[in-house]
Amino acid sequence: MVLQAEEGLLTTPSARILVATAVPAERDAVARAFSSPDSQDSPDSPDSPDSPDSPVEQIWQPGAGLTRTTRTAGVWDLLDAGVGPARAAASVSAALTAARLAGTPYDLVVSAGIGGGFQPEAPVGSLVVARRITVADLGAETADGFLPVTELGFGTVHHYPPRSLVRVACQATGAPAGTILTVSTVTGTAARAAELRARHPQALAEGMEGFGVAEAADAHGTAVLEIRAVSNPVGPRDRAAWRIGDALTALTEAFGKLAPALESWNRHDDQ
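Throughout, a residue's number is its position along its own chain's written sequence, starting from 1. Predicted model: local features are reported for residues with pLDDT of at least 70 only, side-chain atom pairs are reported and counted for 80 or more only, and whole-chain, interface and lining totals are derived from all residues. Values reported for side chains reflect all heavy atoms of the structure, with hydrogen atoms and water molecules removed beforehand.

J.: What exactly am I supposed to notice about the overall build of the protein chain here?
T.: The numbering of helices and of strands both runs from the N terminus, where a helix is a DSSP run of H or I of at least 4 residues and a strand a run of E of at least 2. Regarding its fold elements, the protein chain presents 6 helices and 14 strands. Each residue is placed in one exposure class: buried if its accessible area under a 1.4 Å probe, protein chains only, is under 20% of its type's maximum, exposed if it is over 50%, and partly exposed if it falls in between. The burial tally for the protein chain puts 51% of its 271 residues in the buried class. Residue contacts are counted whenever heavy atoms from the two residues lie within 4.5 Å of one another. Taking all contacts inside the protein chain whose residues are at least 6 apart in sequence as the whole, residues at least 24 apart take part in 74%. Here the protein chain has roughly 11,700 Å² of accessible surface; of this, 54% comes from carbon and sulfur atoms. Residue burial considers only the protein chains on display, and all accessible areas are found by Shrake-Rupley using a 1.4 Å probe.

J.: Explain the packing of helix 3 (residues 163-173) against helix 6 (residues 244-263) to me, please; I cannot follow it from the model alone.
T.: Between two packed helices, both the angle of their axes relative to each other and the distance between the axes serve to describe the pair. Where helix 3 contacts helix 6, the two axes come as close as 9 Å, and the packing angle between them is 135°. Taken together, the axis directions place helix 3 and helix 6 in an arrangement best described as oblique. Remark: the crossing between helix 3 and helix 6 carries right-handed chirality. Together, L165, V168, A169, A172 and T173 of helix 3 and A254, K257, L258, A261 and L262 of helix 6 make up the contact between the two elements. Gly counts as polar in this scheme, as do all residues outside two lists: the nonpolar Ala, Val, Leu, Ile, Met, Phe, Trp, Tyr, Cys and Pro, and the charged Asp, Glu, Lys and Arg. Across the contact of helix 3 with helix 6, the residue classes break down as 8 nonpolar, 1 polar and 1 charged. Convention adopted: a line fitted to C-alpha atoms gives each axis, helices being fitted over their contacting stretch, and angles between N-to-C directions are expressed from 0 to 180 degrees. The labels follow the angle: roughly parallel below 35 degrees, roughly antiparallel above 145, roughly perpendicular from 65 to 115, and oblique for the rest. Helix crossings fall into two classes, left-handed where the near helix is turned counterclockwise from the far one by less than a right angle and right-handed where it is turned clockwise.

J.: Explain helix 3 here, please?
T.: An α-helical turn contains 3.6 residues, so a residue and the one three or four places further along point in the same direction. For helix 3, the set of buried residues is S164, L165, V166, A169, C170 and T173. The elements touched by buried residues of helix 3 are strand 7 (108-117), strand 8 (127-135), strand 12 (177-182), strand 14 (223-233) and helix 6. Two residues or fewer after helix 3 comes G174, characterised by a positive phi angle close to 75°.

J.: Where do I start with the environment of L165 in this structure?
T.: Here L165 lies in helix 3. Assessed through its relative accessible area of 0%, L165 is described here as buried. Setting aside anything within four residues of it in sequence, one finds L165 in contact with L108, V224, L225, L262 and W265.

J.: Looking at this model, I keep getting lost on the layout of surface pockets. Mind explaining?
T.: Gaps left between atoms are located by rolling a probe of water-molecule size over the structure's atoms. We place a 1 Å grid over just the protein atoms. Points where a 1.4 Å probe fits but has no way out form a cavity, open points with protein on both sides within 12 Å along at least 5 of 7 lines form a pocket, and any residue with an atom within 4 Å of a point lines it. Grid points are joined across faces, edges and corners, and a volume is the space filled by probe spheres set on the points. Volume-wise, the largest pocket comes out at about 550 Å³. In terms of lining residues, the largest pocket is bounded by 28 residues, among which I114, G115, V186, S231 and N232 are the most central. Listing elements by their share of the lining of the largest pocket, those giving two or more residues are helix 1 (24-34), strand 7, strand 13 (203-207), strand 14 and helix 6. Among the elements that take part in the lining of the largest pocket, strand 14 stands out by supplying 4 residues, more than any other. Its residues placed into classes, the lining of the largest pocket shows 15 nonpolar, 7 polar and 6 charged.

J.: Teacher, can you tell me more about the packing of aromatic side chains here?
T.: One pair of aromatic rings is described through two measures. These are the centre distance and the angle between the planes. Ring geometry is summarised as follows: Phe, Tyr and Trp rings, the Trp one being its six-membered ring, pair when their centres sit within 6.5 Å, and such pairs are stacked at plane angles under 30 degrees, edge-to-face over 60 and tilted between the two. Counted by the stated rule, this structure contains 2 aromatic pairs. Note on F34 and W76: the rings are 5.0 Å apart at their centroids and 45° apart in plane angle, and the pair reads as tilted. Placement of the pair is F34 in helix 1 and W76 in strand 6 (residues 74-80), with a sequence separation of 42 residues. Neither residue differs from the other here; F34 and W76 are each classed as buried. Taken together, a centroid distance of 6.3 Å and an interplanar angle of 85° make the contact between W76 and F255 edge-to-face.

In structure tokens:
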């Protein structure tokens, strides 16, 4: 896909997509989708990551080390951006800046990883897509409750991925779309979970990086998408109930389906 500014279209075969995860385990789960023969039109394709001469490389640049996979229809750069919205924003912004200075800007940034799911809408092992990316704890506590930063007269608390992009992702994966919350402190009590659901009734999941990734993408004028594979219920902290392996497997399977769909995404559909 090349972003054609005069029409706002993304066309094959040269998509450039940045996938930002928090930690190497998530990055590697995404990478496994590209090492599957099913991730290419043919397992014998010279661009297949299974091929001995597959163009998979490590790219080192200030502030952002990337794992690059080149497919028939595009280039995918995988970044373990760090934990939390601030580190994610800094790392993604560094990668976006370096790409633009090199004359190869990204068409799309995907925030991807595992996270907590609100029950029963997002069961453990399932996948969710963000229709809205919301920072849940940026604001002020008052005697009357929490005030988002926007009610203090500045900032933003929501980012909205392109509608056509959300539709493409949901159709490819079968995942539901809703709000994915970004928090700096993972929810660990039933009271906190209930408070978040009361303030954000469309919330499906929470993570720690999506809003930071979206802030960086917005600053660079780049489209953003967030997906989460659910590793645990949002609520009381119970590590025995975590299914991190299942969530990472779901993330791999999701990108096996998402890759061709995102490479052929046409941004003009939102215009």
